[in-house]
Amino acid sequence: MALIGVFDSGVGGLSILDEALRQLPQHDYIYLADSANAPYGEKSSDWIAVRSLVLCKYLANNGCDAIVIACNTATAEAIKHIRAELDIPIVGVEPGIKPAAMQTQNGIVGVLATEATLKSDKFRALLATLPENCHVIKQSGAGLVPLIEAGKADSEDALELLGQHLAPILDAGADTLVLGCTHYPFLRKAIRKLLGDSITLVDTSDAVVRQLKRQVESLHQVTPSQDRGTVMFISSKDESSLLAMAKDLMFSDLQSHSISSKQLGEIA
Ligand code: DGL
């Protein structure tokens, strides 16, 4: 069994952890939420790069055999530096515009992501790989992450703000929407309410976990097991609220794992 670190600016990466527990329940996990500093999406590139590296080093120092940067923003700004510093597999998350380009029928794809992700060089490079006949409408989801962090994903406020952000995508006639931030799968219900059932929603958590599986299987110490591993939730803000949100937002049966939580103390 491996110890896998899953890191996000807050509760968004729980959408990835949920999928990881479904596909790889036998491993042990540390979920690290930097909720005291969320949202990352409105911070500078340098700040995101430095902070993400500090937190991934913390996970590596605490015995993680592999790390998932379960945050599109941190992946865009920091994965290169993290891979250069740490000698363990690092799996990142990026907006699924490639699968979206393959799934769209009318060639119009909306991407909802953070400001920092949309502005990043990594995202620009990703866009450059798309076929020319694929038209991408980029939209920042500013303000949505704080609402999700506050447990208001299903609120009227979230619905209203989402309606404003999705209007340009709807007006452009997109038939496919990329959820380019790991917090946004928790808005699925609100998105369906606003856009209906016919739009295709693209979320990459399944592909990310399949990539994690390949990486973990390549680690020598991993022996197959039928058991369910442990999950430790660590928050830089409030560990009991992180645990409560995990129980609320995730579909996995957390009770079948041994779970614990703690506050992130001072780290260098
Ligand atoms: N969940 C994150 C992402 O995938 C970060 C959101 C934020 O903190 O702004 O981009």
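Quick summary incoming for the structure in this document. Since the model is a prediction, treat every value here as computed from it, not as a measurement.

## Points about the side chain of E149
Within the secondary structure layout, E149 lies in helix α7 (residues 144–149). Ignoring any residue separated from it by four or fewer positions in sequence, one finds E149 in contact with G10, V11, G12, S35, A38, H183 and M245.

## As for the pairing of strand β9 (residues 230–235)
As judged from the 5 bridges shared by strand β2 (residues 28–33) and β9, these two strands associate in the parallel manner. Looking at β9, one finds that I30 is bridged to M232. Across 6 bridges, β9 lies against strand β10 (residues 258–263) in parallel orientation. Bridging from a neighbouring strand, S235 pairs with Q263 of β10. In this fold, β9 hands off to helix α11 (residues 239–249), which returns the chain to β10; that crossover is right-handed.

## Concerning the packing of aromatic side chains
Enumeration over the complete set of coordinates arrives at 3 aromatic pairs. Measuring from centroid to centroid gives 6.2 Å for Y31 and F233, while their planes differ by 50°, and the two rings are tilted. Of the two residues, Y31 sits in strand β2 while F233 sits in strand β9, which places them 202 residues apart along the sequence. For Y31, a relative accessible area of 0% gives the class buried. Judged by centre distance (5.2 Å) and plane angle (85°), the rings of Y40 and W47 are edge-to-face. What makes Y40 buried here is its relative accessible area of 1%.

## So, the site of the ligand
Around the ligand, the structure places 13 residues, and the nearest of them are S9, Y40, G41, T73 and H183. In the environment of the ligand, a nitrogen atom lies 3.0 Å from a nitrogen or oxygen atom belonging to the side chain of D8. Note that an oxygen atom of the ligand is positioned 2.6 Å from one of the side-chain N or O atoms of S9. Burial of the ligand by the surrounding chains reaches 99%, relative to a free accessible area of 300 Å². Among the detected pockets, the ligand sits in the largest cavity. Residues that form the shell around the ligand fall into these classes: 5 nonpolar, 7 polar and 1 charged.

Reading the values: the criteria
- Residues numbered from 1 in each chain as written.
- Predicted model: local features only at pLDDT ≥ 70, side-chain atom pairs only at ≥ 80, totals over all residues.
- Heavy atoms only, no water.
- Helix = DSSP H or I, 4+ residues; strand = E, 2+ residues; numbered from the N terminus.
- Contact = heavy atoms within 4.5 Å.
- Pairing = 2+ DSSP bridges.
- Right-handed = clockwise from strand over helix to strand, strands pointing away.
- Phe/Tyr/Trp six-rings, centres within 6.5 Å; stacked < 30°, edge-to-face > 60°.
- Buried < 20%, exposed > 50% of the residue type's maximum accessible area, 1.4 Å probe, protein only.
- Near = heavy atom within 4 Å.
- Polar contact = N/O pair within 3.5 Å; in protein donor to acceptor, adjacent residues only side chain to side chain.
- Areas by Shrake-Rupley, 256 points an atom, 1.4 Å probe, with all protein chains shown as cover.
- 1 Å grid on protein atoms, 1.4 Å probe; cavity = no way out; pocket = protein on both sides within 12 Å on 5 of 7 lines; lining within 4 Å.
- Sits in = over half its atoms within 2 Å of the grid points.
- Nonpolar A, V, L, I, M, F, W, Y, C, P; charged D, E, K, R; others polar.

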